[in-house]
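Here's the letter readout for the chains.
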Amino acid sequence: MKVVSKDLRRLVWGDRQADRVVPPTGFTAHLTVFAAGAMAFLAVFAMALSLASGRLAVRWGDELARSSTIRIVAPLDQRAAQTEAALGILQTTAGVAFARALDDAEQQALLAPWFGADLDLQALPVPRLIEVIEEDSGFDAAGLRLRLAAEVPGAVLDDHTQWRAPLVQAANRLKLLGWLSAALLGVSVAAMITLAANAALAANAQVIAVLRLVGATDRYIAQAFIRRFTLRAFGGALVGSVIAMTALLFLPAASDTGGFLTGLGFQGWHWFLPFTIPLLAACFAFVATGAAAGRALKRLA
């Protein structure tokens, strides 16, 4: 325990003599800082995409799960009567919280994106739509279909099941893809830091040999490399995360009209999650550099 505590103090506060083992500048330093910053930048966006996809899945699931639509497909002279009959059935159906028939203006607004704002509903056999809002307990869709088939022949119930499941599944898979991308970025950081540490160890082979001659232990030498590369990874990841979070602030806020293209940033306490990325980068660097230093010191023995 005392040895671990001493190593942690050296990692944080450093050792001026040991720091001279690792060159403070050079391509390995630039490579470590750049790789950590770039990967952290991408990881923040992957995290934001994953969280936004999760919110979208919940929203789609809640909105579509509690709403249904009844289409009245009947001749024009029977449409009004069948609409009133369907509304009467819905008023006596358990689990239905609210039901109303859309007027011509609302139906025209729904069709405007496809047929234009000047669409004449009288010129097309457009069915009358009834919006149904369920209670939390829901209603018996099979029983309602049987009642409608018996009393309102032109009524077709759509409970959005065939639309809800694929949309929620797609959003959940996109969420999983975002977290998988963040994990792959972490592995990439570890791989880049390992390469940079191996290069630094190879470039300082003569220095390491001299240190061994004067009595320096392999633990002391490895600690110098671990500290330098851990701090480089932490600093680069911190800068990359801050830049990414700043960029997210300029993205459009969540909007129903914008759909999935808006609201890709963080919300609430999720803004603290990106600050875990520099810590994870430092942990990856600590482990990767330690493993690389152990292998390299064995080869140079």
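Residues numbered from 1 in each chain as written. Predicted model: local features only at pLDDT ≥ 70, side-chain atom pairs only at ≥ 80, totals over all residues. Heavy atoms only, no water.

Student: Quick rundown of the overall build of the protein chain? Include the residues and the values.
Tutor: Summing up its helical and strand segments, the protein chain has 10 helices and 4 strands in all. Ordered by position from N to C terminus, the α and β elements of the protein chain give α-α-α-β-α-β-α-β-α-β-α-α-α-α. Here the protein chain holds 301 residues, and the buried ones make up 39% of them. For the protein chain, the proportion of contacts with a sequence separation of at least 24, taken over those separated by at least 6, is 83%. Approximately 17,100 Å² of the protein chain is accessible, and the part contributed by carbon and sulfur atoms is 68%. (Helix = DSSP H or I, 4+ residues; strand = E, 2+ residues; numbered from the N terminus. Buried < 20%, exposed > 50% of the residue type's maximum accessible area, 1.4 Å probe, protein only. Contact = heavy atoms within 4.5 Å. Areas by Shrake-Rupley, 256 points an atom, 1.4 Å probe, with all protein chains shown as cover.)

Student: So, the pairing of strand S1 (residues 67–72): which residues are in play, and what are the values?
Tutor: Consecutive side chains of a regular strand alternate in pointing toward one face of the sheet and then the other. Here 6 bridges tie S1 to strand S3 (residues 128–134), and the two strands are oriented antiparallel to one another. Bridge assignment links Thr69 to a residue of S3, and that residue is Glu131. Across 4 bridges, the pairing between S1 and strand S4 (residues 155–158) is antiparallel. Residue pairing for S4: Thr69 is matched across the bridge by Asp158. (Pairing = 2+ DSSP bridges.)

Student: Quick one: what's the story with the side chain of Thr289, residue by residue and with numbers?
Tutor: Relative to the helices and strands, Thr289 resides in helix H10 (residues 276–300). Note on Thr289: relative accessible area 1%, which makes it buried.

Student: Quick rundown of the nonpolar core? Include the residues and the values.
Tutor: Ranked by size, the top nonpolar core spans 35 residues in total, and within it Val44, Ile221, Phe225, Phe229 and Phe266 carry the most contacts. Secondary-structure elements contributing two or more residues to this core are helix H3 (27–65), helix H7 (161–203), helix H8 (205–213), helix H9 (218–249) and H10. Among the elements that line this core, the one with the most residues is H9, at 9 residues. Apart from residues lying up to four places away in sequence, Phe266 is in contact with Val44, Met47, Ala48, Leu51, Leu248, Trp271 and Pro274. Core analysis: the next-biggest nonpolar cluster, separate from the first, contains 17 residues, Ala74, Ile130, Leu148 and Val152 among them. (Core = buried A, V, L, I, M, F, W, Y, C linked by side-chain atoms within 4.5 Å.)

Student: Provide a residue-level description of the pattern of salt bridges, including the pertinent values.
Tutor: Enumeration according to the criterion identifies 1 salt bridge in this entry. In this structure, the salt-bridge partner of Arg100 is Glu131, at a minimum N-O distance of 3.3 Å. You can see Arg100 sitting in strand S2 (residues 96–101) and its partner Glu131 sitting in strand S3, a full 31 residues away along the chain. (Salt bridge = Lys/Arg side-chain N within 4 Å of Asp/Glu carboxyl O.)

Student: Please give an account of the confidence of the model for the protein chain that cites residues and values.
Tutor: Averaged over every residue, the pLDDT of the protein chain is 77; the share at 70 or more is 79%. Across the protein chain, H9 holds the top mean pLDDT of 87, while helix H1 (residues 2–13) sits lowest at 53. (pLDDT = per-residue confidence, 0-100.)

Student: Can you tell me about the packing of aromatic side chains, naming the residues and giving the values?
Tutor: As enumerated under the stated definition, the model contains 1 aromatic pair in all. Where Phe41 meets Phe45, the ring centres are 5.0 Å apart and the plane angle is 50°; that geometry is what we call tilted. Taken as a pair, Phe41 and Phe45 lie in helix H3 at a separation of 4 residues, close to a single helical turn. A cation sits over an aromatic face here: Arg232 above Phe229, 5.0 Å from the ring centre. (Phe/Tyr/Trp six-rings, centres within 6.5 Å; stacked < 30°, edge-to-face > 60°. Lys NZ or Arg CZ within 6 Å of the ring centre and 35° of its normal.)

Student: Can you break down a nonpolar patch on the surface residue by residue, with the values?
Tutor: A contiguous nonpolar surface patch, about 710 Å² in accessible area, is contributed by Phe234, Leu238, Val242, Trp269, Phe272, Phe275 and Leu279. Counting residues per element, the nonpolar patch draws most heavily on H9, which supplies 3 residues. Along the chain, Phe272 falls in the loop between H9 and H10. Phe272 sits in the exposed class, given a relative accessible area of 61%. (Patch = residues over 30% accessible without salt bridge, like charges linked within 9 Å, V, L, I, M, F, W, Y side chains within 5 Å.)

Student: Please provide a residue-by-residue account of helix H4 (residues 76–91), values included.
Tutor: Compared with an ideal rise of 1.5 Å per residue, which puts 16 residues at 22 Å, H4 spans 24 Å between its outermost C-alpha atoms and is within 8% of the ideal. Of the positions making up H4, those classed as buried are Arg79, Gln82, Thr83, Ala86, Leu87, Ile89 and Leu90. Those residues of H4 that are buried lie in contact with S1, S2, S3, helix H6 (141–151) and S4. (Expected span 1.5 Å × (residues − 1).)

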